[in-house]
Amino acid sequence: MGEPISVPLLDLSAQNQPLAADLKDAFARVLDSSQFILGPEVAGFESLAAESVRTRHAIGVSSGTDALLLSLMTLGIGPGDEVLCPSFTFFATAGAIARVGATPVFVDSVDTDFNIDLNDAERRLTGKTKAIIPVHLFGQPADMDGVQRLAKAHGLAVVEDAAQSMGATFGCRQVGTMGELSAFSFFPSKNLGGFGDGGMITTNDDDLAKRARVLRVHGSEPKYYHKVIGGNFRMDPLHAALLRIKLSHFSSYLAKRRANAAQYLERLAQCDHFAEGRMVLPTEIVGRSHTWNQFTLRVCNGKRDALQSHLASNNIGSAIYYPVALHQQECFAHVPNFGESLPVCEQLAGEVLSIPIYPGLTEEQLGHVADTLANAPI
Ligand SMILES: Cc1ncc(COP(=O)(O)O)c(C=O)c1O
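Rules behind the numbers
Residues numbered from 1 in each chain as written. Predicted model: local features only at pLDDT ≥ 70, side-chain atom pairs only at ≥ 80, totals over all residues. Near = placed C-beta within 6 Å. Helix = DSSP H or I, 4+ residues; strand = E, 2+ residues; numbered from the N terminus. Nonpolar A, V, L, I, M, F, W, Y, C, P; charged D, E, K, R; others polar. Axes fitted to C-alpha atoms, helices over the stretch in contact; angles between N-to-C directions. Left-handed = near helix turned anticlockwise from the far one by under 90°. Contact = placed C-beta atoms within 7 Å. Pairing = 2+ DSSP bridges. Domains from an automatic or database assignment. Expected span 1.5 Å × (residues − 1). Buried ≥ 20, exposed ≤ 12 C-beta atoms within 10 Å, placed from the backbone. Arc of directions from axis to C-beta.

Draft legend 1. Up close: the site of the ligand. Surveying the vicinity of the ligand reveals 15 residues, the closest of which are Ser-63, Gly-64, Thr-65, Ala-163 and Ser-185. Looking at the shell around the ligand, the elements that each hand over two or more residues are helix H4 (64–74) and helix H5 (91–99). When grouped by side-chain class, the residues that make up the shell around the ligand number five nonpolar, eight polar and two charged.

This is the structure:
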């Protein structure tokens, strides 16, 4: 008998090891330069990233969380303002709103694409609403036509949370080009996964870009003169140099994730569990291209724990993104719609399960995951 097949949720070494020589060269270059704060490595990465996202400006920052925070600071959002965001998302989306002193207004989601429900968003508008943060969750673009219609009608700024969706498109527009500002993350598990924390803001607006760059360095302009209060939100040159190497392979990573998703969809659609509705496959909405940062199933009828154990006993990693929606998180007890019923978000939090989709997944591994799901005793 051969070795049992093992499939971790994510295998970073499969992606990084083949680049080891180039990564070490980049490290040596930064070491030799002794430029450890901003400078040409960061500027070089920014210009390649701007080209990749097709925006006028890309601004390298310390994390995706800081990209969101800095975007809101750049827009001057603060106390007394309300910002609409989905409740079913990673914490940072709403955490950033609260950290600038504004109020997150939690909005329900659409179960078919996991993204913000714009009808619910519209119902939650008040005279204090200043902005909306659509999250392109798991890599599927939110309905940006609808977001922009709502924003235009009510004078809202749009900040795209593109942390999971670099390379996704909505119609012919790329994610990260449709908001006033957009936030990306290079957390290691993201499609462009870095070597620690890192992020980026993109924008087509020259004034906003200039303001974000000033706020990135404590609001200092010129150095040691401060008209505004910023923070230290800089991307490190070492990180920029390493990310540049991965960026040159990014389209192949994306293609591989898309091919893996297509295989899962094809293999699983006909299985009884999916055909009979005990599990639901994710979909790619027509006219939008998904980055498949996560391949997220819905497991119905309270069977998620049983399925996750079954996968684990077959050496397959999986994860719940996210087990508790944000309108139910204790830290937001002061928020007016804390604890209200947002039924779709709550249902999703109870049903979602993400399975391995990373680019280095082999045929054999993917087949093992698909077969194990198909034969799950649930
Ligand atoms: C939707 C979303 N927003 C924001 C973030 C924050 O990014 P980071 O972890 O780089 O701070 C993440 C990453 O985990 C995310 O998935």
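The discussion continues.
Draft legend 2. Local environment of the packing of helix H3 (residues 40–53) against helix H9 (residues 237–247). Interhelical geometry of H3 versus H9 gives an angle of 35° and a closest axis separation of 8 Å. The handedness of the crossing between H3 and H9 is left-handed. Along the contact surface, H3 presents Glu-41, Val-42, Gly-44, Phe-45, Leu-48, Ala-49 and Ser-52, while H9 presents Pro-237, Ala-240, Ala-241, Leu-243, Arg-244 and Leu-247. Residues of the contact of H3 with H9, tallied by class, amount to nine nonpolar, two polar and two charged.

Draft legend 3. Quick look at the sheet that holds strand E10 (residues 279–280). Across the sheet, three strands lie side by side as E10-E12-E13; this open sheet has antiparallel pairing. Only two strands of the sheet have a single neighbouring strand rather than two, namely E10 and strand E13 (352–355). Pairing geometry for strand E12 (residues 295–299) and E13, over four bridges, is antiparallel. For Thr-296, the partnering residue across the bridge sits in E13 and is Ser-354.

Draft legend 4. Just the domain arrangement of the protein, in detail. Along its sequence, the protein is organised into domain 1 (13–247) and domain 2 (250–374). Computed over C-alpha atoms, the centres of domain 1 and domain 2 are 24 Å apart. Across the boundary between the two partners, domain 1 contributes 38 residues, which contact 32 residues of domain 2. Elements that contribute at least two residues to the side of domain 1 that touches domain 2 include exactly helix H1 (12–16), H5, strand E3 (103–107), strand E6 (169–170) and H9. Classifying every residue of the side of domain 1 that touches domain 2 by side-chain character gives 17 nonpolar, 15 polar and six charged.

Draft legend 5. Local environment of helix H14 (residues 363–374). Between the first and last C-alpha of H14 there are 16 Å, a value that for twelve residues agrees with the 16 Å anticipated at 1.5 Å per step. All of the buried residues in H14 are Gln-365, His-368, Val-369 and Leu-373. Along the long axis of H14, the arc covered by the buried residues comes to 125°, so they all point the same way. Looking at H14, the residues exposed on the side facing more than 90 degrees away from the buried face are Glu-363 and Glu-364. Check the buried side of H14 and you find it contacts helix H10 (250–269), helix H11 (272–275) and E13.

Draft legend 6. Structural view of the environment of His-218. Its place among the elements puts His-218 in the loop between helix H8 (206–216) and H9. Setting aside residues no more than four positions away along its own chain, His-218 makes contact with His-226, Gly-230, Gly-231 and Asn-232.

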